[in-house]
Amino acid sequence: MSAVRPLDREDNEIEAIVARLGRKARAAQGHLALASTEEKRAALAAMAARVRSETERILAANATDLAAMTSGDAMRDRATLDAGRLDAMAGAIETVAALADPVGRILAAWDRPNGLFIERVATPLGVIGVIYESRPNVTADASSLCLMSGNAVILRSGSETLGTATAIVDALRAGLADAGMPQDLVQLVPVKDRAAVGAMLAGADGGIDVIVPRGGRTLVERVEAEAKVPVFAHLEGLCHVFVHAEADRDMAVAVTLNAKMRRPGICGAAETLLVDAAVARSHLPAIAEALAAAGCTLRGDARARALAPMEEATAKDFATEYLAPILSVAVVDGLDGALAHIARYSSGHTESIITADEAAATRFLTEVDSAIVMHNASTQFADGGEFGMGAEIGIATGRMHARGPVGVEQLTTFKYRVHGKGQTRP
Ligand SMILES: NC(=O)C1=CN([C@@H]2O[C@H](COP(=O)(O)OP(=O)(O)OC[C@H]3O[C@@H](n4cnc5c(N)ncnc54)[C@H](OP(=O)(O)O)[C@@H]3O)[C@@H](O)[C@H]2O)C=CC1
Ligand SMILES: N[C@@H](CCC(=O)OP(=O)(O)O)C(=O)O
């Protein structure tokens with residue numbers, strides 16, 4: 001039996017809505033592909049200005065969304081806007097405007113013996129569909145990154161903040177109009193029905209070139225079953241911190257605390273702590289105490305529970321992305337034990353080793369097959385802004401085309417320009 005339910009009349013209406021967005025995006029993107037860097041920067045400046053001037057309206061829409069929201073604290077926090085967060089959102093658009101234009105970069109160039117000159121040149125991807133969680137800043141971040149990289153965007157916001165996303169998109173489109181750019185470079189799916197996600201995954205009747213899904217398990221399953229266009233998967237972050245036998249104890253405490261508790265609800269938050277049996281007795285009690293004092297619930301295996309107070313962890317815990325102040329803890333036998341645990345449970349997002357042993361770090365960085373591998377650093381650095389990339393659409397957890405933080409460069413593809421003087425092939 002198919003996991004995909006058959007289309008009914010309403011689905012067909014939603015498919016038609018999404019197809020219409022695709023057609024309008026395609027037309028607008030043709031215009032943007034020819035725009036100069038200065039025109040794109042002017043458009044982004046106007047979009048940021050409109051976000052600032054529409055603060056009251058956007059915050060009112062956000063208050064309405066929040067009043068109707070039933071989710072827990074972490075989800076509420078990331079859905080919440082205030083004047084400071086909105087100003088930061090506008091600032092992020094300005095940061096993107098100041099980035100080097102990724103379109104037209106010469107990625108490689110060479111001469112052939114027959115006199116042909118060949119260049120590989122960065123070009124936009126086209127129309128990008130972004131399906132994302134109820135996190136309002138993604139609306140502006142994705143729009144500005146897509147614009148700077150010459151792409152049109154179709155946004156499908158998390159349903160709990162559709163009102164906020166609508167107000168932000170209205171401001172962004174007003175900014176585009178102020179700058180004389182087509183408003184349809186930024187469009188929002190106007191309905192909450194998840195049938196729209198299905199229509200986007202199917203390519204919006206040829207109107208979408210690439211899909212960026214940001215989300216967790218249920219979205220993953222749907223993407224895997226239904227995507228018909230290329231996908232830059234930005235999926236769950238089941239991130240690990242491994243405290244190796246040569247880890248400095250204070251560093252292990254500070255990094256683990258930050259990796260879990262700085263913002264427990266983001267995809268780069270650590271969900272599992274692995275402690276080498278060689279230092280578990282000396283390091284784990286201190287780490288556990290610091291986490292507990294910060295309000296974190298620990299769930300450990302038998303060896304961890306023998307060393308510090310914590311609840312019992314089941315196998316399910318080690319496969320769970322809590323997105324909350326809860327951390328799974330296991331004591332493992334050396335680097336090999338950590339590598340085996342990570343290979344089994346990781347979602348391929350971000351993992352970190354704490355150690356003073358360079359050889360162990362090198363092995364970890366080489367053998368862990370995740371988008372981001374770290375040495376002596378908090379997993380919460382998994383972020384395009386923190387990487388110096390200006391902003392990010394998110395952290396790509398798949399392997400194709402883009403991996404890790406996705407910024408303007410990752411939102412381009414390339415073509416070859418071949419310059420001849422009348423050569424013919426023998
Ligand atoms: N790698 C990365 O960069 C990022 C990853 N994430 C991950 O996102 C997750 C947390 O966000 P959360 O809000 O729970 O994510 P969800 O997966 O629940 O929601 C994300 C988006 O997907 C939609 N969606 C979810 N399931 C389906 C489905 N079956 N069919 C159609 N649409 C669907 C949601 O719509 P609706 O509103 O209707 O539920 C929403 O728009 C975590 O796993 C986190 O790690 C988050 C941000 C960045
Ligand atoms: N990379 C971003 C977080 C992205 C993310 O996880 O978003 P979300 O899961 O919606 O809170 C950051 O570090 O702020």
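Every chain's residues receive numbers from 1 upward, in the order its sequence appears when written. Just so you know, chain letters begin at A and ligand numbers begin at 1, following the order they were written in. Given that the model is predicted, a residue must reach a pLDDT of at least 70 before its local features are reported, and side-chain atom pairs must reach 80 or more before they are shown or counted; all residues, however, enter totals for whole chains, interfaces and linings. Note: side-chain values were computed over all heavy atoms of the structure, leaving out hydrogens and water.

## Describing the overall build of the protein
Phase 1 of the analysis: What the protein contains, in helices and strands, is 15 helices and 16 strands.
Phase 2 of the analysis: Rg of the C-alpha trace for the protein: 23 Å, near the compact-globule value of 22 Å for 426 residues, within the 12% margin.
Phase 3 of the analysis: The dimensions of the protein, computed from C-alpha atoms along their principal axes, are 70 × 65 × 50 Å.
Phase 4 of the analysis: To sort residues, take the accessible area from a 1.4 Å probe on protein chains only and compare it with the maximum for the residue type: under 20% means buried, over 50% means exposed, and anything in between is partly exposed. Put simply, the protein has 426 residues, and 52% of those count as buried.
Phase 5 of the analysis: Put simply, 72% of the contacts in the protein that link residues at least 6 apart link residues at least 24 apart. Only DSSP runs of H or I covering at least 4 residues are called helices, and only runs of E covering at least 2 are called strands; the numbering of each starts at the N terminus. With the radius of gyration taken over C-alpha atoms, the globule rule is written as 2.2 Å times the number of residues to the power 0.38. The contact rule is simple, with two residues in contact once any of their heavy atoms fall within 4.5 Å.

## Re a nonpolar patch on the surface
Phase 1 of the analysis: Only residues whose relative accessible area exceeds 30% and that form no salt bridge enter a patch; like-charged residues are grouped when within 9 Å of one another, and nonpolar side chains (Val, Leu, Ile, Met, Phe, Trp, Tyr) when within 5 Å. What sets the accessible areas is the Shrake-Rupley method with a 1.4 Å probe; for residues, cover comes only from the shown protein chains. Note on definitions: salt bridges are taken to be side-chain nitrogens of Lys or Arg within 4 Å of carboxyl oxygens of Asp or Glu. A contiguous nonpolar patch, built from Leu 107, Trp 110, Phe 414, Tyr 416 and Val 418 and spanning about 460 Å² of accessible area, is present on the exposed surface.
Phase 2 of the analysis: Those elements that provide at least two residues to the nonpolar patch are strand S1 (106-111) and strand S16 (412-419).
Phase 3 of the analysis: Here Val 418 shows up in strand S16.

## Regarding the sheet that holds strand S3 (residues 127-131)
Phase 1 of the analysis: Two strands qualify as a pair provided that DSSP identifies no fewer than 2 bridges between them. Taking strand neighbours across the sheet as the criterion, the four strands line up as S5-S4-S3-S6 in an open arrangement whose pairing is parallel. The open sheet is flanked by strand S5 (186-188) and strand S6 (210-213), the only strands paired with a single partner. Taken over all neighbouring pairs, the strand axes of this sheet differ in orientation by 20 degrees on average, direction set aside.
Phase 2 of the analysis: Looking at chain direction, S3 and S6 are connected through four bridges and run parallel. Among the inter-strand pairings, Val 130 is bridged to a residue of S6, identified as Val 212. Between N-to-C directions, angles span 0 to 180 degrees; the directions come from axes that are lines fitted to C-alpha atoms, helices contributing only their stretch in contact.

## Focus on the side chain of Glu 351
Phase 1 of the analysis: One can find Glu 351 in strand S12 (residues 350-354).
Phase 2 of the analysis: Buried within the structure, Glu 351 lacks any salt-bridge partner; its nearest side chain of opposite charge belongs to Arg 403, at an N-O separation of 8.6 Å.
Phase 3 of the analysis: Here a polar contact is taken to be a pair of N or O atoms separated by no more than 3.5 Å, where protein atoms must pair a possible hydrogen donor with a possible acceptor and residues adjacent in sequence count only if both atoms sit in side chains. Among the polar contacts made by the side chain of Glu 351, one reaches the side chain of Ser 370 at a distance of 2.7 Å.
Phase 4 of the analysis: Among all residues touching Glu 351, those that are not within four sequence positions of it are Leu 238, Cys 239, His 240, Ile 342, Ser 346, Phe 364, Val 368, Ser 370, Ile 372, Val 373 and Met 374. Within this scheme the basic residues Lys and Arg register as positive and the acidic residues Asp and Glu register as negative, but His and the chain ends are omitted.

## Here we look at the site of ligand 1
Phase 1 of the analysis: Nearness here has a simple test: a residue counts as near a molecule or strand if at least one of its heavy atoms is within 4 Å of that partner. Not every one of the 26 residues close to ligand 1 is listed here, only the nearest: Arg 78, Tyr 132, Ser 159, Glu 321 and Ile 395.
Phase 2 of the analysis: Gly 215 places a main-chain nitrogen or oxygen 3.5 Å from an oxygen atom of ligand 1.
Phase 3 of the analysis: Interatomic distance of 2.9 Å between a side-chain N/O atom of Thr 218 and a nitrogen atom of ligand 1.
Phase 4 of the analysis: Relative to its free-state accessible area of 890 Å², ligand 1 is covered by the protein chains to the extent of 87%.
Phase 5 of the analysis: The biggest single contributor to the shell around ligand 1 is helix H9 (residues 217-226), with three residues.
Phase 6 of the analysis: In this classification, the charged set is Asp, Glu, Lys and Arg, the nonpolar set is Ala, Val, Leu, Ile, Met, Phe, Trp, Tyr, Cys and Pro, and all remaining amino acids, among them Gly, are polar. Residue composition of the shell around ligand 1, grouped by class: eight nonpolar, ten polar and eight charged.
Phase 7 of the analysis: Domain boundaries shown here were taken from an automatic or database domain assignment. Mapping the shell around ligand 1 onto the domain boundaries places at least three of its residues in each of domain 1 (19-234 + 393-418) and domain 2 (239-381).

## Details of the packing of aromatic side chains
Phase 1 of the analysis: In summary, the pairing rule links any two rings of Phe, Tyr or Trp, Trp by its six-membered ring, whose centres are within 6.5 Å, and it sorts them by plane angle into stacked for under 30 degrees, edge-to-face for over 60 and tilted for everything else. Tallied over the entire structure, the rule returns four aromatic pairs.
Phase 2 of the analysis: With a centroid separation of 6.1 Å and an interplanar angle of 45 degrees, the aromatic rings of Phe 318 and Tyr 345 are classed as tilted. Of the two residues, Phe 318 sits in helix H13 (residues 315-318) while Tyr 345 sits in helix H14 (residues 334-345), which places them 27 residues apart along the sequence.
Phase 3 of the analysis: Given the relative accessible area of 15%, Tyr 345 is considered buried.
Phase 4 of the analysis: Judged by centre distance (5.7 Å) and plane angle (75 degrees), the rings of Phe 414 and Tyr 416 are edge-to-face.

## Some thoughts on the UniProt feature "domain: Aldehyde dehydrogenase" (unreviewed entry) in the protein
Phase 1 of the analysis: UniProt positions are given in the numbering used here, feature names are shortened, and annotations may be inferred rather than shown by experiment. When the UniProt feature table is mapped to this numbering, "domain: Aldehyde dehydrogenase" (unreviewed entry) covers residues 19-293.
Phase 2 of the analysis: Along residues 19-293, the helical share is 52% and the strand share 16%, with 52 Å between the first and last C-alpha atoms.

## Here's the deal with the pattern of salt bridges
Phase 1 of the analysis: Counting across every chain of the model gives 25 salt bridges.
Phase 2 of the analysis: Across the pair Glu 271 and Lys 260 runs a salt bridge, and its minimum N-O distance is 2.8 Å. Of this pair, Glu 271 sits in strand S8 (residues 270-276) while Lys 260 sits in helix H10 (residues 249-261), and the two are eleven residues apart along the sequence.
Phase 3 of the analysis: Take Glu 271: its relative accessible area is 0%, and that puts it in the buried class.
Phase 4 of the analysis: It is possible to trace a salt-bridge network through shared partners that takes in Arg 50, Glu 54, Arg 57, Asp 170 and Asp 178.

## Looking at H9
Phase 1 of the analysis: Inspection of H9 places Leu 219, Val 220, Val 223 and Glu 226 among the buried residues, and these make up the whole buried set. Viewed end-on, H9 has its buried residues packed into an arc of 160 degrees, placing them on one side of the element. Exposed residues lying more than 90 degrees from the buried face of H9 are Thr 218, Glu 221, Glu 224 and Ala 225. Note: the arc covers the axis-to-C-beta directions of the helix.

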